[in-house]
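One-letter residues, chain by chain:
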Amino acid sequence: MSEFLPFSRPSIDEATIASVAETLRSGWITSGPKVQEFEKQLSDYFGGRLVRTFNSGTCTMEIALRIAGIGQGDEVITTPISWVATANVILEIGATPVFADVDPVTRNIDLDKVEAAITPRTKAIIPVYLAGKPVDMDRLYKIAAKHKLRLVEDAAQAIGSTWQGKPIGSFGDFVSFSFQANKNITTSEGGCLVLNNPEEAALAEKYRLQGVTRSGYDGIEVDVLGGKFNMTDIAAAIGLGQFAQLNVITAQRRKLARHYFATLGKDFEAQTGAQLPPADFENTNWHLFQIVLPERITRADFMARMKDKNIGIGYHYAPIHLFKLYRALGFKEGMFPIAERVGRQIVSLPMFAAMNESDVERMCAEMLAVLKN
Ligand SMILES: *Cc1c(COP(=O)(O)O)cnc(C)c1O
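Note that the coordinates shown come from a computational prediction; the quantities given were computed from them, not determined experimentally.

We now examine the overall build of the protein chain. For the protein chain, the helix and strand inventory stands at 14 helices and 13 strands. Here the protein chain has a C-alpha radius of gyration of 21 Å; the compact-globule value for 373 residues is 21 Å, and the two agree. Summarising its shape, the C-alpha atoms of the protein chain cover approximately 70 × 55 × 35 Å along the three principal directions. For the protein chain, with 373 residues in total, the buried portion stands at 57%. Accessible area of the protein chain: about 15900 Å², with a carbon and sulfur share of 55%. Looking at the protein chain, you have 40 positive and 42 negative side-chain charges, and the mean spots of the two groups are 3 Å apart.

This is how it looks when you write it as structure tokens:
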């Protein structure tokens, strides 16, 4: 039997491993010089915008909402097709999540439905760039400006993606990235937030470390309720090594995505009833390669049959509004029919930078054998 092909696997090079070992030997293993260097390099990449790092891509969004002063009584619009973190952060800060259904082609939040969901209580939108594919950024920011809304972009999957040649994160309002192990570049766990001004950056620093401000040798003051969300130098050492590979990783993923399209051929959808992702090779970083299965096969059956062939298939994502926690808030089946259909049949095929074209061909051949009978 062929070797196991997972849906995702990080690529950590030897230079990165050496740098982590050096950090461990340095005597400074929590937040320190490596974190500062990582934040500086990220800031350069985001066109000089301010960046702060954290220990997840979840707390980044929660902190952005806090900095924006959003809380009880405020509504925040987001998509039902995301990792549950995206909506949980809205509940964490005491605000009300409002879902807008997705576009069946991009599987991202549908901006027409976002506009329809805006009320006088709406304070922010959290769009998600599923699989790294941006939404229409021009229109998104026009909607936000028209209704005076803050944006907390959940760009957890979108490092390396662009909009009209500009990196996601290099423009806009708050932009949140995750460096969790499966993301295009990783720190094992971690995240960063791109902010607008030094006041926001100062608040981010407080929220990530118990609300503490230090001055001089012994000055310490606490004036906001913060938590413990700082990134360690060990994580930042991994991040620096990964960040140096970002362009190579993105290029390899785009090459693999093209090879999926070429191998499956232009009749794949007509022959199988499955739905491919939009063929966007300019903007998307191809964090995931997702197809929507035809209704005649269940996802569990498909995943089991691929597992028999030693291939791991991912599932991103179950519609958030149908989780018990959200049903208890009044959400139910039928509210977001496109998200429910996509969420029932979507699968993530193997896609990671260390894969090669023959892995894509193996995946496609096994999948076609399953879908064509
Ligand atoms: C990974 C991810 C998150 C959460 O990031 P963590 O670093 O795991 O906290 C949030 N939203 C989306 C879309 C993600 O893919």
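Turning our eyes to something else, we now look at the nonpolar core. Grouped together as the largest cluster of nonpolar side chains are 42 residues, with contacts concentrated most on Ile168 and Phe177. Mapped by element, the contributors of at least two residues to this core are helix H2 (33-45), helix H5 (111-117), helix H6 (137-147), strand S8 (174-178), strand S9 (191-195), helix H8 (233-243) and helix H9 (246-264). In contact with isoleucine 168, other than residues within four places in its own chain, are Phe46, Tyr129, Pro134, Met137, Glu153, Ala155, Ala158, Ser161, Thr162, Trp163, Val175 and Phe177. Within the second largest apolar cluster, 31 residues are counted, among which are Ile313, Met351, Val360 and Met367.

Here we come to the packing of helix H11 (residues 299-308) against helix H14 (residues 357-371). Relative orientation of the contacting elements H11 and H14 amounts to 130°, with a least axis distance of 10 Å. As judged from the angle between their axes, H11 and H14 are oblique. Handedness of the crossing formed by H11 with H14: right-handed. From H11, Phe302, Arg305 and Met306 reach across to H14, where they touch Met363, Glu366, Met367, Val370 and Leu371. Looking at the contact of H11 with H14 residue by residue, the classes come out as six nonpolar, no polar and two charged.

This brings us to the side chain of glutamate 200. Assignment of secondary structure puts glutamate 200 in helix H7 (residues 198-208). A relative accessible area of 9% means that glutamate 200 is categorised as buried. A distance of 2.8 Å separates a polar atom in the side chain of glutamate 200 from the backbone nitrogen of asparagine 196. Apart from the residues lying within four places of it in its own chain, the contact partners of glutamate 200 are Ile67, Arg150, Phe174 and Leu195.

Moving on: the sheet that holds strand S2 (residues 75-78). A sheet is described by the order of its strands in space; here seven strands give the open sequence S1-S9-S8-S5-S4-S2-S3, paired in mixed fashion. Among the strands making up the open sheet, the edge pair consists of strand S1 (50-54) and strand S3 (96-99). Strand after strand, the sheet turns through a mean of 25° between neighbouring axes, direction not considered. One ladder, built from three bridges, connects strand S5 (residues 150-154) with S8; its direction is parallel. Considered in S8, the bridge of valine 152 is made with phenylalanine 174.

Another aspect to go through is unusual backbone geometry. With an omega of 15°, the peptide bond between histidine 316 and tyrosine 317 qualifies as cis. Assignment of secondary structure puts tyrosine 317 in the loop between H11 and helix H12 (324-327). Non-glycine residue alanine 131 carries a positive phi angle of around 65°. Mapped onto the fold, alanine 131 is located in the loop between strand S4 (122-126) and H6.

Contact geometry of helix H3 (residues 59-67) with H7 gives a least axis separation of 10 Å together with a crossing angle of 125°. With respect to H7, the element H3 is oriented oblique. Between H3 and H7 lies a crossing of right-handed hand. For the pair formed by H3 and H7, the contact residues are Ile63, Arg66 and Ile67 on the first element and Glu200, Leu203, Ala204, Tyr207 and Arg208 on the second.

Let's shift gears to the domain arrangement of the protein chain. According to the domain assignment, the protein chain consists of domain 1 (14-243) and domain 2 (247-372). Computed from C-alpha atoms alone, the centre-to-centre distance between domain 1 and domain 2 is 25 Å. Between domain 1 and domain 2, the contact holds 37 residues from the first and 37 residues from the second. Summed over both sides, the interface of domain 1 with domain 2 buries roughly 2900 Å², with 58% coming from carbon and sulfur. For the domain 1 face of the interface with domain 2, the top three residues by lost area are Phe99, Arg107 and Asn184, together amounting to 24%. Notably, a salt bridge pairs lysine 133 with aspartate 280, separated by 2.9 Å at the nearest N-O pair. Our count for the domain 1 to domain 2 interface comes out at 20 residue pairs in polar contact (both at pLDDT 80 or more). Every element with two or more residues in the side of domain 1 that touches domain 2 is listed here: helix H4 (85-92), S3 and strand S6 (162-163). Looking at the side of domain 1 that touches domain 2, the element that brings in the most residues is H4, giving three residues. Here the residues of the side of domain 1 that touches domain 2 are counted per class, giving 19 nonpolar, twelve polar and six charged.

With five of five residues buried, S8 is to be regarded as a mostly interior element. Burial of the side chains of S8 extends over both faces: Phe174, Ser176 and Ser178 are buried on one face and Val175 and Phe177 on the other. Relative to S9, S8 runs antiparallel, the two being bridged by four bridges. Paired with serine 178 across the two strands is glycine 191, which belongs to S9.

Reading the values: the criteria
Residues numbered from 1 in each chain as written. Predicted model: local features only at pLDDT ≥ 70, side-chain atom pairs only at ≥ 80, totals over all residues. Heavy atoms only, no water. Helix = DSSP H or I, 4+ residues; strand = E, 2+ residues; numbered from the N terminus. Rg over C-alpha atoms; globule rule 2.2 N^0.38 Å. Buried < 20%, exposed > 50% of the residue type's maximum accessible area, 1.4 Å probe, protein only. Areas by Shrake-Rupley, 256 points an atom, 1.4 Å probe, with all protein chains shown as cover. Lys, Arg positive; Asp, Glu negative; His and termini not counted. Charge placed at Lys NZ, Arg CZ, Asp CG, Glu CD. Core = buried A, V, L, I, M, F, W, Y, C linked by side-chain atoms within 4.5 Å. Contact = heavy atoms within 4.5 Å. Axes fitted to C-alpha atoms, helices over the stretch in contact; angles between N-to-C directions. Parallel < 35°, antiparallel > 145°, perpendicular 65-115°, else oblique. Left-handed = near helix turned anticlockwise from the far one by under 90°. Nonpolar A, V, L, I, M, F, W, Y, C, P; charged D, E, K, R; others polar. Polar contact = N/O pair within 3.5 Å; in protein donor to acceptor, adjacent residues only side chain to side chain. Pairing = 2+ DSSP bridges. Domains from an automatic or database assignment. Buried area = accessible area lost by both parts, 1.4 Å probe. Salt bridge = Lys/Arg side-chain N within 4 Å of Asp/Glu carboxyl O.

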